[in-house]
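What the coordinates show
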Amino acid sequence: MRLSLWLVVISSLVALSCTKKQKAEYGLKHEETLKINITSEPPSMDWSISTDTTSAEIQDNIMEGLVEYNFSDPELGLMPSLAKEWTSSNNAQTWTFTIREGVKWNDGKPFTAQHVIDGWERLLAPATASQYAYFLFGIKNATKFNKGEVKDFKDVGVKINEKGQIVVQLEAPQSYFPYLLTHHCTYPVRLDVIKKHGDKWTEPKNIVTLGPYNLKIWDHDKAIVLERNEMYYGEKAKTKNILAYMIMEKSTAITLFETGKLDVQTPLPSAELSVLKKKPGYKENGYLLLYYYGMNTSKPPMNDINVRKAIAHAIDRKEITTMLSGGQKPMTSWVPAGMFGHEPSVGTGFNPGKAKEFLAKAGFKDPTTMPKIELAYNTNEDHKRIAENVQAQLKRNLGINVEIKNEEWKSYLGKLKSDTPHIYRMGWVADFPDPDNFLNLMTSYSDNNHTKWGNKEFDKIINQAVSINNKEKRRSLYTQAQKILTEQGVPVIPIYSGVKHALINKRVKNYPVNVMDRRKYKKVVLQ
Amino acid sequence: MIDKLKGLAFPALVLWILILTINSFLGFEMAPPVLWATGAVILFAFAVYVFKMKIFSYIFFRFIEAFLTLFAVATFTFLLLRVLPGGPFDQEKTLPPEVMENIAKKYNLDAPIYEQYYDYIAGVFTLDFGESYKYIGRPITEMLAESMPASIELGIYSLILAFLIGIPAGVWAASRHNKFTDRLLMFFSISGVALPVFVVSPVLILIFCYKFELLPAAMWSGTAYYILPVLALGTRPAATIARLTRASVLEVIASDYIRTAKAKGLSETAVLFKHVLKNSLIPVLTYAGPLVAGLLSGSFIIEQIHAIPGLAKHFVASVTNRDYPLIMGVTLLYSAILITSNLLVDILYSYFDPRIKLS
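**A short note on the overall build of chain A**
Check the secondary structure of chain A and you find 16 helices and 20 strands. Taking 2.2 N^0.38 as the reference for a compact globule, 527 residues should give roughly 24 Å; the C-alpha atoms of chain A span a radius of gyration of 26 Å, in line with that estimate. Across its three principal axes, chain A shows a C-alpha extent of roughly 90 × 75 × 45 Å. Counting over 527 residues, chain A shows a buried share of 59%. When contacts within chain A are restricted to residue pairs at least 6 apart in sequence, long-range pairs at least 24 apart make up 67% of them.

Encoded structure:
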């Protein structure tokens, strides 16, 4: 037994020489720390490359763009950020941005217009292979630069003029161009830092930023800690630290919220919304997401406009949103509620009488003679509930049988491209709050239009509207386009516009709630 | 003296690993040299055993076999991924063709398939699995190395818990065959086998985190954090081991040499622990091989519910993301762990039952 005795002695020595593991609170004071849940590991902190909302949530707090949203404006205008002011000329084809002076990166170096140009060049460079490169494809020669056809970035339509302003020359007018600059992919970068550290430049010890917070700790797969940036040019962040956990399981996160270990939890499990709604701290707010069903207009019987109209008339959107009970807004038009261009009166709404008429017109007086229709969705509990409801409604209101099928996400996407089902589920989240972002998707040349529907007049209106700077003129054009889409052609059935749900602890004040779900925490106050 | 030490070597090693585990369970981070030294001792002990038992050629052929298996796994996974519908960069918002071209070029996806395969296999030989498509710029090897410790810790704790509960419970139940204790233990063990972790975990959280606020529900930052996930993960194997042990002990108890031992006048306990137990462990060992591999590579459900930064999520998420390099990485890692633990189990067979010859 002597040997084991020795082992005990040695191991106690080892134990004494060991270090304690990092605690879950990272030594931060509760009253100075906002504790949130970002659900999972951010795939990349490199804002020119990342494409997901988790990374964006952190990037939005450590970086800033030339402009930012004014969320107090009901139609979502813009306000200055790194650009002090901006003007457009030549029918929204040339844009000039004046850079704010006195802004410093958190390593002390001054911010300049060149950093913005560097960011855009890096975003567009073929070697970066950024998925969001297309954000700036509107700039003159940008697409060619991305293709490698134009080698020198000097030939791309971005210049710094003698006043130090950034002048952007577009291929065609784009009245929404400044909106693109709220997105993280267009944020300025520090090439010297990237060059020095390579792929590791986004690690806390290397990264250089200029937003209201600094990236202090990135404990992969566990948590991120942000600390107030004392060198920030604007009003300093109100709360000193942000501790962002990565907890995938919603019910676990809700337990942590209810025991005070988490200040905010979003999203919430939709099946439990009816219970969670009654809890103090529950909040729901509109979100620029359009949930819709598309129809393959080349596949019989969906190639018949009357069949499409019959189906659109036979679905009561209100019944669906009541079932979901999450505060979603039923929709018949295309542009979601909460932004410019939303037109609730447009569209093919619920009317079972008319639905039957259209079906009869299509030659299906006896609905049982209808060929089999397939309704597809990607595997997900909510999509399933909606699909089953629509199936029941079509049986009840039209007497037709629909077969519902689900597939795993990536296979589903593959299927949409190769063999689009009769009816398929899709969603669209606003890249920027302009109707063009939603309506462009249904143009005949859009890669995202899986309906095989195209309308020359519709395409023309969309192209015309984007070059107009007058808001009211644009509004009427977009209303016209929505009528063509949802009343005349009916290749799509809008279902609802989105909602975000959250539980927020009462000690948190000024939590950022907005239709774009952009979470900038600099104004959050803890009590 | 040497013989005495030799007899002690195996238990001493087990004890040492147990101490290290307890240390780490108590929330201490081991200094790397200690871990390296332990690894070296284990390897050395293994080498001595191989040498002594003259099973060198056996081990050598098993290694060749393992190598061929891994090669086949790598090839099949590579091919299967290429047939799977949907590509790594497919998403809700279709990307323009020029952007897709740049991405394909960056990740070498535009090269002919045989060239991609060749590059991949060449990478595997140098333990370079490439960079993740999803976690941009992060090498797979680094990602796996970062998420392995939590999974291994969770796995070892649960494994120890399962053996500590399962074996004594099985032996006890068998020694009280068909009596009340046996029935009670087997009632619990059948419940344990029947209860899935996605029921056990939330119930534990409800009781210990929500109602009484005694333990943390999530994260992996110290002893208190380990208790619930380990309990949840260890319950089922403990119950299975108890049932296996009981059945096997009952079988051994009925054999002639046990009757002889009893006839010699040995006490019940001595018979049970010296003669019965060692011989009844073979079926348990058979079960332990895949169990070890399963536990060490993490449990998706437990890691998700308790927010443990382990390996398991990669098994599921990498496939839904079509993150080819990560899928290949986790598949090969799991295969390697499985092959190794099966080999160890085969060697342990011969240790527990000298009649089994490895050749």
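**Side note on the side chain of A:Ser44**
Summarising the element assignment, A:Ser44 is placed in the loop between strand 2 (33–37) and helix 2 (53–62). Among the residues examined, A:Ser44 registers a relative accessible area of 5% and is labelled buried.

**Some thoughts on helix 7 (residues 250–258) of chain A**
Listing the buried residues of helix 7 of chain A in full gives A:Thr252, A:Ala253, A:Ile254, A:Thr255, A:Leu256 and A:Phe257. Looking at the buried positions of helix 7 of chain A, the neighbouring elements they touch are strand 2, strand 12 (264–265), helix 8 (273–276) and strand 18 (492–504) of chain A together with helix 8 (197–211) and helix 12 (300–305) of chain B. Following helix 7 of chain A by one or two positions, A:Gly260 has its phi on the positive side, about 80°.

**Section: the sheet that holds strand 11 (residues 241–245) of chain A**
All names here are of chain A. A sheet is described by the order of its strands in space; here four strands give the open sequence 2-11-10-9, paired in mixed fashion. The sheet terminates laterally at strand 2 and strand 9 (213–219), the two strands that pair on one side only. On average, adjacent strands in this sheet sit at an angle of 20° to one another, irrespective of strand direction. As paired strands, strand 10 (residues 223–228) and strand 11 are joined by five bridges and run antiparallel to one another. Bridge pairing links Ile 224 to Ala 244 in strand 11.

**What about the nonpolar core?**
Within the largest apolar cluster, 141 residues are counted, with the highest numbers of intra-cluster contacts made by A:Leu66, A:Trp120, A:Ile139, A:Ile166, A:Phe177 and A:Trp334. Per-element tally for this core: the top contributor is helix 14 (residues 324–352) of chain B, with eight residues. By size, the runner-up hydrophobic cluster in this structure holds 65 residues, among which are A:Ala253, B:Leu215, B:Trp220 and B:Ile302.

**Re the interface of chain B and chain A**
In this complex, chain B contributes 64 residues to the contact, which on the side of chain A involves 68 residues. Summing the contributions of chain B and of chain A, the shared interface buries around 5,600 Å²; its carbon and sulfur component is 59%. Between the two partners, chain B and chain A, sit eight salt bridges. A:Lys417 is the salt-bridge partner of B:Asp90, the closest N and O atoms lying 3.5 Å from each other. Here chain B and chain A share 20 residue pairs in polar contact (both at pLDDT 80 or more) between them. When residues of the side of chain B that touches chain A are traced back to their parent elements, those giving at least two are helix 1 (2–25), strand 1 (28–29), helix 4 (97–106), helix 6 (140–175), helix 8, helix 9 (223–253), helix 12 and helix 13 (312–320) of chain B. Residues that form the side of chain B that touches chain A fall into these classes: 33 nonpolar, 16 polar and 15 charged.

**Points about the packing of helix 6 of chain B against helix 9 of chain B**
Residue and element names in this part refer to chain B. Look at helix 6 against helix 9: their axes get within 6 Å of each other, and the N-to-C directions meet at 35°. The way helix 6 lies across helix 9 gives a crossing that is right-handed. Residues belonging to the contact of helix 6 with helix 9 are distributed by class as follows: 22 nonpolar, five polar and two charged.

**Quick word on helix 13 (residues 409–418) of chain A**
Along helix 13 of chain A, the positions that sit buried rather than exposed are A:Lys410, A:Ser411, A:Tyr412, A:Leu413, A:Lys415 and A:Leu416. Buried residues along helix 13 of chain A sit in contact with strand 15 (373–378), strand 16 (402–407) and strand 17 (423–429) of chain A together with helix 13 of chain B.

**Here we look at unusual backbone geometry**
For the bond running from A:Thr266 to A:Pro267, omega is 0°, close enough to zero to count as cis. Tracing the backbone through its elements, the reader meets A:Pro267 in the loop between strand 12 and helix 8. The amide bond that connects A:Pro300 to the next residue, A:Pro301, takes the cis arrangement and shows omega of 5°. The residue A:Pro301 is located in the loop between strand 13 (282–295) and helix 9 (305–314) in this model. Its identity as a non-glycine residue notwithstanding, A:Val490 has a phi of 45°, on the positive side. For A:Val490, the location among the structural elements is in the loop between helix 16 (471–489) and strand 18. One non-glycine residue, B:Asn108, adopts positive backbone phi at about 65°. Note on B:Asn108: relative accessible area 27%, which makes it partly exposed.

**Section: the pairing of strand 18 of chain A**
A regular strand carries its side chains on alternate faces of the sheet. Residue and element names in this part refer to chain A. When you tally the buried positions in strand 18, you get twelve out of 13 residues, the bulk of the element. Across two bridges, strand 12 lies against strand 18 in antiparallel orientation. Bridge pairing in strand 18 places Gln 265 opposite Leu 503. Summarising the sheet, strand 13 and strand 18 pair through ten bridges and their orientation is antiparallel. Paired with Asn 285 across the two strands is Lys 500, which belongs to strand 18. Note that strand 14 (residues 329–330) and strand 18 share two bridges and pair antiparallel. The partner of Pro 330 across the bridge, within strand 18, is Tyr 496.

**Regarding empty space enclosed by the protein**
Rolled over the atoms, a probe as big as a water molecule pinpoints where empty space is left. For the structure on display, the rule yields six cavities of 30 Å³ or more. In this structure, the largest cavity occupies an estimated 110 Å³ of space. Looking at the largest cavity, it is lined by 14 residues, and the ones nearest its centre are A:Asn285, A:Ala502, A:Tyr511, A:Val513 and A:Asp517. Of all elements in the fold, only strand 13 and strand 18 of chain A reach the threshold of two or more residues within the lining of the largest cavity. Taken together, the residues of the lining of the largest cavity sort by class into five nonpolar, four polar and five charged. The space that makes up the second largest cavity amounts to roughly 60 Å³. Forming the walls of the second largest cavity are A:Ile49, A:Thr128, A:Ala129, A:Gln131, B:Phe89, B:Ile103, B:Lys106, B:Tyr107, B:Tyr133 and B:Ile136.

Conventions we followed
- Residues numbered from 1 in each chain as written.
- Chains lettered and ligands numbered in written order.
- Predicted model: local features only at pLDDT ≥ 70, side-chain atom pairs only at ≥ 80, totals over all residues.
- Heavy atoms only, no water.
- Helix = DSSP H or I, 4+ residues; strand = E, 2+ residues; numbered from the N terminus.
- Rg over C-alpha atoms; globule rule 2.2 N^0.38 Å.
- Buried < 20%, exposed > 50% of the residue type's maximum accessible area, 1.4 Å probe, protein only.
- Contact = heavy atoms within 4.5 Å.
- Pairing = 2+ DSSP bridges.
- Axes fitted to C-alpha atoms, helices over the stretch in contact; angles between N-to-C directions.
- Core = buried A, V, L, I, M, F, W, Y, C linked by side-chain atoms within 4.5 Å.
- Buried area = accessible area lost by both parts, 1.4 Å probe.
- Salt bridge = Lys/Arg side-chain N within 4 Å of Asp/Glu carboxyl O.
- Polar contact = N/O pair within 3.5 Å; in protein donor to acceptor, adjacent residues only side chain to side chain.
- Nonpolar A, V, L, I, M, F, W, Y, C, P; charged D, E, K, R; others polar.
- Left-handed = near helix turned anticlockwise from the far one by under 90°.
- 1 Å grid on protein atoms, 1.4 Å probe; cavity = no way out; pocket = protein on both sides within 12 Å on 5 of 7 lines; lining within 4 Å.
- Points joined across faces, edges and corners; volume = space filled by probe spheres on them.

Functional significance is not addressed by these values, which are geometric in nature.
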